[in-house]
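# Summary of structural features
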Amino acid sequence: MKALLIVDVQNDFCPGGALEVPGGDTIIPVINKLSASFDAVIQTQDWHPAGHSSFASTHEGKEPFETVEMSYGSQVLWPDHCVQGSEGANFHPDLQTDRSQLIIRKGFRKEIDSYSAFFENDDTTSTGLTGYLRERDIDTLYAVGLATDFCVKWSVLDGIKEEFDLYVVEDAVKGIDIEGSVGQAWSEMLDAGAEKVSSEELIS
Ligand code: VGL
Ligand code: ZN
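Rules and cut-offs
Residues numbered from 1 in each chain as written. Chains lettered and ligands numbered in written order. Predicted model: local features only at pLDDT ≥ 70, side-chain atom pairs only at ≥ 80, totals over all residues. Heavy atoms only, no water. Donors = N, O, S within 2.8 Å, 3.2 Å for Na, K, Ca; no water. Tetrahedral: all angles 85-135°; square planar, octahedral: opposite > 155°, others 65-115°. Buried < 20%, exposed > 50% of the residue type's maximum accessible area, 1.4 Å probe, protein only. UniProt positions renumbered as here; feature names shortened; annotations may be inferred. Helix = DSSP H or I, 4+ residues; strand = E, 2+ residues; numbered from the N terminus. Patch = residues over 30% accessible without salt bridge, like charges linked within 9 Å, V, L, I, M, F, W, Y side chains within 5 Å. Areas by Shrake-Rupley, 256 points an atom, 1.4 Å probe, with all protein chains shown as cover. Salt bridge = Lys/Arg side-chain N within 4 Å of Asp/Glu carboxyl O. Lys, Arg positive; Asp, Glu negative; His and termini not counted. Charge placed at Lys NZ, Arg CZ, Asp CG, Glu CD. Pairing = 2+ DSSP bridges.

### Concerning the coordination of the zinc ion (ligand 2)
- For the zinc ion (ligand 2), the full set of protein donor atoms is D46 (OD), H48 (NE2) and H81 (NE2), and the range of their distances to it is 2.0 to 2.2 Å.
- Here the zinc ion (ligand 2) is ringed by four donor atoms whose angles at the metal span 88 to 169°, and the overall shape comes out irregular.
- With a relative accessible area of 0%, H48 lands in the buried category.

Written out as structure tokens, the structure is:
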């Protein structure tokens, strides 16, 4: 069975948000159309406590988009975003969420960031998604959402590692694009075995 995986379509990643993805909201009508056509719909929600270790403001003298070394490796620092319970952490009001059956919240541990829907950034701590998908006989995922170069990319790469078939819907993802990171993300996803599809191919 196949499922739609909607990654982080939250106010803070849309125009006007704390960590806006340029044109992030333009993919929402496409995602709404897709989710109406899937029997299984799963969402992720970036969900950080105040003072999260991925926030530049938590590290003295650091600015957003600089990197620091964490116990699990290099970590990009971000503006404060998607703080638990804040308006910025809410799903964009235009996103149709009624048909979503599971919402995975991630990044809720102060010391570890979590881009992927499957594993936190230490590459070890599981979100439980693999078990859920297996129990439901879901073997194929169609990834959409924000941001192509971070949470979408890591979800796709980890999904492939977990032996799911991964498709990325090219007109239903958008990226932050730090120094070519969107192009890089596409190469990594395709090299790992993901397939690029358009929403038109899926809905027709
Ligand atoms: C994301 C940076 C920090 C994402 C989340 O959803 O791609 N990016 N937190
Ligand atoms: Zn985050």
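### So, the UniProt feature "domain: Isochorismatase-like" (unreviewed entry) in the chain
- The positions UniProt marks with the feature "domain: Isochorismatase-like" (unreviewed entry) are residues 3-200.
- The distance separating the terminal C-alpha atoms of residues 3-200 is 17 Å; by composition the span is 22% helix and 22% strand.

### Comments concerning a negative patch on the surface
- Taken together, the side chains of E135, D137, D139, D165 and E195 present a region of like negative charge at the surface.
- Inspection of the secondary structure assignment puts D139 in the loop between α2 (129-135) and β6 (140-146).
- For D139, a relative accessible area of 40% translates into the label partly exposed.

### A word on the pattern of salt bridges
- This structure, assessed with the given rule, holds six salt bridges.
- Taking the shortest distance from any N to any O, the salt bridge between D158 and K161 comes out at 3.7 Å. Taken together, the residues span about one helical turn, with D158 and K161 both in helix α3 (residues 148-161) at a distance of three residues.
- On the accessibility criterion, D158 (2% relative accessible area) is buried.
- Accessibility expressed as a relative area gives 55% for K161, which makes it exposed.
- One network of salt bridges, with partners in common, ties together D8, D46 and K106.

### Some points on the pairing of strand β3 (residues 67-70)
- The alternating pattern of β3 places V68 and M70 on a buried face, while none of T67 and E69, on the opposite face, is buried.
- Relative to strand β4 (residues 73-76), β3 runs antiparallel, the two sharing four bridges. Pairing of V68 across the sheet is with Q75, part of β4.
- The hairpin turn running from β3 into β4, its antiparallel successor, is two residues long.

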